[in-house]
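Secondary and tertiary structure notes
Spelled out, the chains give:
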Amino acid sequence: MKTVLFSLLFSGAYAFPWVANEPGVVSPWSEFANGHRLKARQQAGIGACPFNANHKPANPITDKYPYNGAKNGLPGKGKGGFQVPADGDTAHQFVAPGANDIRGPCPGLNAAANHNFLAHDGITTFNELVDAQQNVYNVGYDLSLLLAALGLTLTDGDIVTEKLSIGCDATSRTSFNSALTGSEPGLNGHNKFEADTSLTRNDYFLANGDNYKFNGTLFGMMDDTCGSNFDLQGLAKYRKQRYEQSLAQNGNFFFGPLSLLLYGAASFLYELMPNGNHGYKPDLETISTFFGAKKNSDGTWGYTAEKIPDKWTNRVSPYTNNDVTSQILQMYLLDPVLFGGSTAQGKFDTIDFGAIKDGKIDAGISATSTSCLLYQLATGNIPSSLNGLVTPTVKALTFITTKISPSFKNLGCPIPLT
Ligand code: HEM
Ligand SMILES: *[C@@H]1O[C@H](CO)[C@@H](O)[C@H](O)[C@H]1NC(C)=O
């Protein structure tokens with residue numbers, strides 16, 4: 001059984017070895033080799049990552065304002081339904097990001113940093129991420145560990161310092177030794193956690209590398225498609241629309257297994273962001289405030305900064321690994337699309353990985369494959385572009401095993417040997 005699962009897990013590794021040798025193929029990797037990617041990064045201003053010489057960690061929770069009681073990366077109470085930030089808690093009021101602060105593609109983390117639940121300069125740590133997700137959003141302990149571990153390993157945070165930039169490449173501040181670790185691109189790093197078809201961010205190759213800034217046109221599209229009700233059905237439809245847009249426009253479009261995480265992120269709009277004081281409806285006022293979206297007088301959408309809505313009350317029960325996996329599959333299966341990537345010839349090639357066969361997830365996916373889906377994303381050799389792979393190092397696997405394995409082991413997921 002173990003062998004079978006392993007071969008499924010690694011089959012994706014061999015899906016595209018031929019692509020690089022095809023005449024005329026422009027893949028993300030060959031662009032990289034040609035230095036195009038570097039140019040794109042410079043054009044997008046990614047070379048100029050904000051620098052704050054005076055880093056201050058997140059403001060801690062206190063006895064007076066305990067929130068979920070999550071501290072030092074440990075499990076909190078897992079009981080939500082409380083207001084964030086609490087009245088009188090000046091340490092966690094909104095403070096707009098300044099010129100030295102890093103922000104990136106994740107509105108949930110940007111908002112947490114703007115309220116000092118994460119370090120305000122955007123250089124955060126594993127423990128800050130695990131605590132903030134529980135204290136602010138009542139993310140379940142298991143999912144907060146998984147997302148933080150994915151953030152650190154997939155997008156090249158640093159597993160020795162356990163530091164991560166929530167946006168651009170800040171290697172000098174995240175890495176324990178940049179000569180040994182190489183560059184650590186932070187959450188903006190493309191085709192890892194960040195990927196094409198985001199709700200409100202451009203595709204990397206469509207926008208000279210700007211895959212992380214809020215795009216008001218896209219927010220407006222999402223609002224129209226969802227009819228200002230950002231629920232499962234609306235977001236399934238919008239995600240399909242974004243997929244078709246990328247397929248039509250992006251010659252380097254890649255929709256790999258990690259793109260499953262984008263369905264998870266979309267579920268956060270109706271699972272983590274809704275306000276108890278609005279009857280937990282994923283309404284426009286709540287969602288636009290979290291995204292920092294501001295309506296202009298001409299009806300278009302501009303950007304201010306991500307903020308927790310006033311008098312916002314978080315979800316009551318913790319949002320767990322099982323919950324998010326179930327939402328990912330439901331949203332995908334409402335409007336299924338093919339996993340794979342475009343080549344320059346306008347050809348689309350599908351991939352296999354774990355539960356993805358011939359580019360699709362079958363509605364009859366087994367319970368075990370379902371529960372192990374996210375674990376495989378954290379530990380597998382994952383196709384990250386047409387002929388590139390995210391291959392976790394032994395150190396990264398050890399890190400994952402230490403941080404998150406216990407919960408998945410009980411589910412019978414194949415645990416890679418480290
Ligand atoms: C350690 C925890 C987390 C990490 C490392 C993380 C990372 C990311 C990354 C890299 C993206 C970009 C994906 C893309 O290409 O679209 C993203 C998107 C997103 N994240 Fe997070 N995230 C975390 C937790 C959260 C939480 C707790 C929320 C709760 C509200 C959240 C809400 C979102 C949303 C709504 C998006 C989609 C944005 C869009 O597509 O426009 N995230 N996240
Ligand atoms: C925002 O997205 C639209 C639709 O994809 C695109 O045409 C436009 O160029 C983007 N704007 C910016 C500033 O990137």
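Read on for an overview of the structure. Quick caveat, the model's predicted, so the values are computed rather than measured.

**Digging into helix 4 (residues 107-114)**
Of all eight residues making up helix 4, eight are buried, and the element is well covered by its neighbours. Residues Pro 107, Gly 108, Leu 109, Asn 110, Ala 111, Ala 112, Ala 113 and Asn 114 constitute the buried set of helix 4. Contact partners of the buried residues in helix 4: helix 5 (126-137) and helix 12 (284-291). Positive backbone phi, at 60 degrees, marks Asn 116, one or two positions downstream of helix 4.

**Regarding the site of ligand 1**
The full set close to ligand 1 counts 26 residues, and Cys 106, Ala 195, Ser 198, Leu 199 and Thr 200 are the nearest of them. For ligand 1, an oxygen atom lies 3.2 Å from a polar atom in the side chain of Glu 194. The backbone of Ala 195 places a nitrogen or oxygen atom 2.8 Å from an oxygen atom of ligand 1. Among the elements that line the shell around ligand 1, the one with the most residues is helix 11 (residues 260-271), at four residues. For the shell around ligand 1, the per-class residue count stands at 19 nonpolar, five polar and two charged.

**Details of the state of the cysteines**
The final tally for this structure, using the stated rule, is two disulfides. Paired by a disulfide, Cys 49 and Cys 168 hold their sulfur atoms 2.0 Å apart. Between Cys 49 and Cys 168, the disulfide has an S-S torsion of 75 degrees and is therefore right-handed. Note that Cys 49 is positioned in the loop between helix 3 (36-43) and helix 4 and Cys 168 in the loop between strand 2 (163-165) and helix 7 (171-174), a separation of 119 residues in sequence. Neither Cys 49 nor Cys 168 differs from the other in exposure class; each is buried. Sequential numbering of the bridged cysteines in the chain gives the disulfide pattern 1-2, 3-4.

**Remarks on the pattern of salt bridges**
A side chain with one charge may pair with a side chain of the opposite charge, provided their charged atoms come close. For the structure shown, the criterion picks out seven salt bridges. Lys 311 is the salt-bridge partner of Asp 87, the closest N and O atoms lying 3.1 Å from each other. Pair noted here: Asp 87 is in the loop between helix 3 and helix 4 and Lys 311 is in the loop between strand 5 (301-303) and helix 13 (321-334), with a separation of 224 residues, a long-range link. Two residues, Glu 162 and Lys 403, come together in a salt bridge whose shortest N-O distance is 3.2 Å. With Glu 162 in the loop between helix 6 (141-154) and strand 2 and Lys 403 in helix 15 (residues 394-409), the pair connects residues that are 241 residues apart, well separated along the chain.

Definitions and limits used
- Residues numbered from 1 in each chain as written.
- Chains lettered and ligands numbered in written order.
- Predicted model: local features only at pLDDT ≥ 70, side-chain atom pairs only at ≥ 80, totals over all residues.
- Heavy atoms only, no water.
- Buried < 20%, exposed > 50% of the residue type's maximum accessible area, 1.4 Å probe, protein only.
- Helix = DSSP H or I, 4+ residues; strand = E, 2+ residues; numbered from the N terminus.
- Contact = heavy atoms within 4.5 Å.
- Near = heavy atom within 4 Å.
- Polar contact = N/O pair within 3.5 Å; in protein donor to acceptor, adjacent residues only side chain to side chain.
- Nonpolar A, V, L, I, M, F, W, Y, C, P; charged D, E, K, R; others polar.
- Disulfide = S-S within 2.5 Å.
- Salt bridge = Lys/Arg side-chain N within 4 Å of Asp/Glu carboxyl O.

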